[in-house]
Amino acid sequence: MKLRLLKLDTVQSVVALACAANLICASNVNFALAATPAIGTVAAKGSFRVDDATVAGNATLFEGTTVETRAAGSSLDLLSGGRLSLAADSKGRIFSDRLILEKGSGQIERGVALGVEARGLTVRTETAEGSARVVLAGTARVQVAAMSGSVRVDRKSTRLNSS
């Protein structure tokens, strides 16, 4: 009888250990997901790509997410209150404080703490009401337009102003 009881205890111990290991693994996955909080959302009419996956409608943005538009542009709303946009046929990596423009054009629509980086330049609006468009032109040029308000353009230690 003691032998059977020992086997039952051993089976129960193994099952309990497996359950505990499963809970530990599940909590580590949730912890890892919590370590990378969302920074905002992206929305477009039609499909676009987020980190090389085709998405229709909208998606959640995380630090360093790559967004690539196709036929339609997209709007990127950040939890900080800032808003950026990518024109059709554009690509960029989004962070909580900036968009790194890799192709096409992007626009700061709202948010003084936001910037657009393009080919070594950083473009920022001077006020929260300001907006600016940044276009990668050809293979080496960057066009910057102040849509409203003042725009600051920095390149290393050089600062250029546009109104």
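Just above sits the structure.
Residues numbered from 1 in each chain as written. Predicted model: local features only at pLDDT ≥ 70, side-chain atom pairs only at ≥ 80, totals over all residues. Heavy atoms only, no water.

Hey, could you go over the pairing of strand 8 (residues 105-110) for me, with residue numbers and the actual values?
A regular strand places its side chains so that they alternate between the two faces of the sheet. Two elements, strand 5 (residues 83-86) and strand 8, share four bridges in a ladder whose sense is antiparallel. Counterpart to Arg83 in the pairing with strand 8 is Arg110. As paired strands, strand 8 and strand 11 (residues 131-137) are joined by four bridges and run antiparallel to one another. Following the sheet pairing, Ile108 is matched in strand 11 by Ala132. (Pairing = 2+ DSSP bridges. Helix = DSSP H or I, 4+ residues; strand = E, 2+ residues; numbered from the N terminus.)

Please give an account of unusual backbone geometry that cites residues and values.
It is generally the case that most residues other than glycine have a negative phi and that most peptide bonds are trans. Positive phi, close to 70°, is recorded for Asp52, a residue that is not glycine. Among the structural elements, Asp52 can be located in the loop between strand 1 (38-50) and strand 2 (53-62). Look at Asp52 and you get exposed, because its relative accessible area is 63%. (Buried < 20%, exposed > 50% of the residue type's maximum accessible area, 1.4 Å probe, protein only.)

Explain the pattern of salt bridges to me, and be specific about the residues and the numbers.
Across all of its chains, the model carries seven salt bridges by this definition. Residues Arg110 and Asp77 are paired through a salt bridge, measuring 4.0 Å at the closest nitrogen-oxygen approach. Taken together, the positions of Arg110 in strand 8 and Asp77 in strand 4 (residues 74-78) put the pair 33 residues apart, joining distant regions of the chain. Residue classification places Arg110 among the partly exposed positions, given a relative accessible area of 38%. Salt-bridge contacts for Arg98 lead to Glu117; the nearest nitrogen and oxygen are separated by 3.2 Å. In this pair, Arg98 is assigned in strand 7 (residues 98-103) and Glu117 in strand 9 (residues 115-118), connecting sequence segments 19 residues apart. A relative accessible area of 22% places Arg98 in the partly exposed class. One continuous salt-bridge network, built from bridges that share partners, spans Asp77, Arg83 and Arg110. (Salt bridge = Lys/Arg side-chain N within 4 Å of Asp/Glu carboxyl O.)

Describe the side chain of Thr65, naming the residues involved and giving the relevant values.
Summarising the element assignment, Thr65 is placed in strand 3 (residues 65-69). The buried category is assigned to Thr65, whose relative accessible area is 4%. In terms of polar contacts, Thr65 uses its side chain to reach the backbone carbonyl oxygen of Phe62, at 2.8 Å. (Polar contact = N/O pair within 3.5 Å; in protein donor to acceptor, adjacent residues only side chain to side chain.)

Talk me through the environment of Val50; I want residue IDs and the actual numbers.
Topologically, Val50 is positioned in strand 1. Overall, the relative accessible area of 11% leaves Val50 in the buried class. Along the backbone, Val50 and Lys91 are 41 residues apart, and their C-alpha atoms lie at a distance of 9.8 Å. Discounting chain neighbours no more than four positions away, the residues touching Val50 are Val42, Val55, Ala59, Thr65 and Thr66. (Contact = heavy atoms within 4.5 Å.)

For the environment of Thr54, give the residues involved together with the corresponding values.
Note that Thr54 resides in strand 2. Note: C-alpha distance between Thr54 and Val67 (13 residues apart in sequence) is 9.9 Å. Aside from chain neighbours lying at most four places away, what touches Thr54 is Ser47, Phe48, Arg49 and Arg70. A polar contact is formed between the side chain of Thr54 and the side chain of Arg49, at a distance of 2.8 Å.

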